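What the coordinates show
One-letter residues, chain by chain:
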Amino acid sequence: MARGELLLVGDAGGTKTRLALCEAPPGSGARAGRRRAPIRLVEPASFPSASFPTLEAIAAAYLRQTGARPTRAVFGVAGPVVAGRAKITNLPWRISESGLRRALRLRSARLLNDIVATALAVPVLGPRDVRTINRGTAARDGTIGVIAPGTGLGEAFLAWDGARYRAYPSEGGHSDFAPPTDLAAELLTYMRRTVPHVSVEWVCSGMGIPHLYAFLRARGETEPAWLAERLAAADDPAPVIVGAALDRGRPCPIAAATLDLFIDILGAEAGNLAVKVLATGGVYLAGGIPPKIAGALTDGRFMQAFRRKGRLADLLARIPVRLVVHPQPALLGAVRAALFDSAGASIT
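Below: a short report on this structure.

The number of helices and strands found in the protein is 12 helices and 14 strands. Taken against the 2.2 N^0.38 rule, which gives 20 Å for 348 residues, the C-alpha radius of gyration of the protein at 20 Å falls within 12% of a compact globule. The principal-axis extents of the C-alpha atoms in the protein amount to approximately 60 × 45 × 40 Å. For the protein, the residues scored as buried account for 53% of the 348 residues in total. Long-range contacts, defined as pairs at least 24 residues apart, comprise 70% of the intrachain contacts of the protein with a sequence gap of at least 6. Surface exposure of the protein reaches about 15700 Å², of which carbon and sulfur atoms provide 49%. Distance between charge centres in the protein, computed from 42 positive and 28 negative side chains, equals 8 Å.

This is the structure:
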């Protein structure tokens, strides 16, 4: 990016698409990989993804709204990106870099997986952008894992190449669900009657929380009438269930049990990611759900599930685990992707 160039960045998810603008900061371009230039996002806006037929339509509406004329764009998208093309996992959108470039009259457009974009932000997050779940001890230049439950479940990781961290995509959320407890094993049996392939995303995401609730209700947990009424009226039941679980003034046992089961599964899957990429540099929880349940993630239950890895339990106990509370990490990462690209560095 040349200094003064206007960049459009986006984070396209199954529920919301967030957009912002960024002017290339001092220190961008060839030296972007060797210094941390300040990143300032302006004109942030959020759009309901399902209300638009395409990502191009959302971006065009945003540019009309702001009157901006960017020359380049980088979008993090919730799905695998192959040869400059992507299909959003939980939307009917099909996206291509060439289509975005033509529709928005850009000099260049770049697609990358949204969790890769989030991972790219991790090295520049400050103390106020994260909360510590497990202090641990980070290995110098150790691999870093990122797991992000939102509408779906995203995973990615960062590896040190001798000069900087590079981010790599994963579709680990679509791997087989491995039950970490006897109760979760019952859940797997229940889910096999619901979907043909029980991936971890089906039980560890915004779309998964209602499955956990329905399983516990079918198992005999009592559903209060007031909660049944709220769920029947809700477009998205997951926030209603989480809200009922965290409501100290009106505790709801079935909702609390649902959240406990969700945390058991999330902790176990975060530990699986840590083992698979040997994340001695730390594991970061991102996505839309973790900041909303921060208190429940720091009471010890999550880390018990995270560490439950048999002979590797001591290794897992030493890994730092942090919760990302920055509101727009994928947008920060999209800017960093543009800076790295202009310096001639491939990041995925």
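After that view, the rundown keeps rolling.
To continue, consider the packing of aromatic side chains. A complete count under the given rule lists 6 aromatic pairs for this structure. Note on F47 and Y62: the rings are 6.4 Å apart at their centroids and 85 degrees apart in plane angle, and the pair reads as edge-to-face. Taken together, the positions of F47 in strand 3 (residues 42-48) and Y62 in helix 1 (residues 55-66) put the pair 15 residues apart, joining distant regions of the chain. The pair formed by F47 and Y62 is uniform in burial state, with each residue classed as buried. Between the aromatic rings of F157 and Y168, the centroid separation amounts to 5.4 Å while the plane-to-plane angle is 20 degrees, which identifies the pairing as stacked.

Turning our attention to helix 7 (residues 237-246). Of the residues making up helix 7, those classed as buried are A238, I241, V242, A244 and A245. End-on view of helix 7: buried residues confined to an arc of 160 degrees, all on one side of the axis. Buried residues along helix 7 sit in contact with helix 5 (209-218), helix 6 (225-233) and helix 8 (253-277). With a side-chain oxygen lying 3.2 Å from the backbone nitrogen of A238, the N-terminal cap of helix 7 falls on D236.

Taken in spatial order, the 3 strands of this open sheet run 5-6-7, and their pairing is antiparallel. The sheet is open, and its two edges are formed by strand 5 (81-82) and strand 7 (94-96), each paired on a single side. Taken together, the 2 bridges between strand 5 and strand 6 (residues 85-87) define a ladder with antiparallel strand orientation. Considered in strand 6, the bridge of V82 is made with R85.

Take the packing of helix 5 against helix 7 next. Where helix 5 meets helix 7, the axes come as close as 8 Å, and the angle between the chain directions of the two elements is 65 degrees. Seen from above, helix 5 lies across helix 7 with left-handed handedness. On helix 7, the residues that touch I209, P210 and Y213 of helix 5 are P237, A238, I241 and V242.

Attention shifts here to the sheet that holds strand 1 (residues 6-12). Spatially, the 5 strands line up as an open sheet ordered 3-2-1-4-8, and their pairing is mixed. Across the chains shown, the open sheet's two edge strands, defined by having one partner strand only, are strand 3 and strand 8 (108-113). Geometrically, the sheet is characterised by an average inter-axis angle of 15 degrees between neighbouring strands, direction not taken into account. Direction of pairing for strand 2 (residues 16-23) relative to strand 3: antiparallel, over a ladder of 5 bridges. What sits directly across from L19, in strand 3, is A45. Sitting on the sheet, helix 2 (residues 97-104) is in contact with strand 1, strand 4 (72-77) and strand 8, with an inclination near 140 degrees to strand 8.

Our next topic: unusual backbone geometry. At E43, a residue that is not glycine, the phi angle is positive and equals roughly 55 degrees. Among the secondary structure elements, E43 is positioned in strand 3. Even without glycine at this site, D141 takes up a positive phi of about 60 degrees. Its location among the elements puts D141 in the loop between strand 9 (130-134) and strand 10 (144-149).

Scoring rules and cut-offs
- Residues numbered from 1 in each chain as written.
- Predicted model: local features only at pLDDT ≥ 70, side-chain atom pairs only at ≥ 80, totals over all residues.
- Heavy atoms only, no water.
- Helix = DSSP H or I, 4+ residues; strand = E, 2+ residues; numbered from the N terminus.
- Rg over C-alpha atoms; globule rule 2.2 N^0.38 Å.
- Buried < 20%, exposed > 50% of the residue type's maximum accessible area, 1.4 Å probe, protein only.
- Contact = heavy atoms within 4.5 Å.
- Areas by Shrake-Rupley, 256 points an atom, 1.4 Å probe, with all protein chains shown as cover.
- Lys, Arg positive; Asp, Glu negative; His and termini not counted.
- Charge placed at Lys NZ, Arg CZ, Asp CG, Glu CD.
- Phe/Tyr/Trp six-rings, centres within 6.5 Å; stacked < 30°, edge-to-face > 60°.
- Arc of directions from axis to C-beta.
- Polar contact = N/O pair within 3.5 Å; in protein donor to acceptor, adjacent residues only side chain to side chain.
- Pairing = 2+ DSSP bridges.
- Axes fitted to C-alpha atoms, helices over the stretch in contact; angles between N-to-C directions.
- Left-handed = near helix turned anticlockwise from the far one by under 90°.

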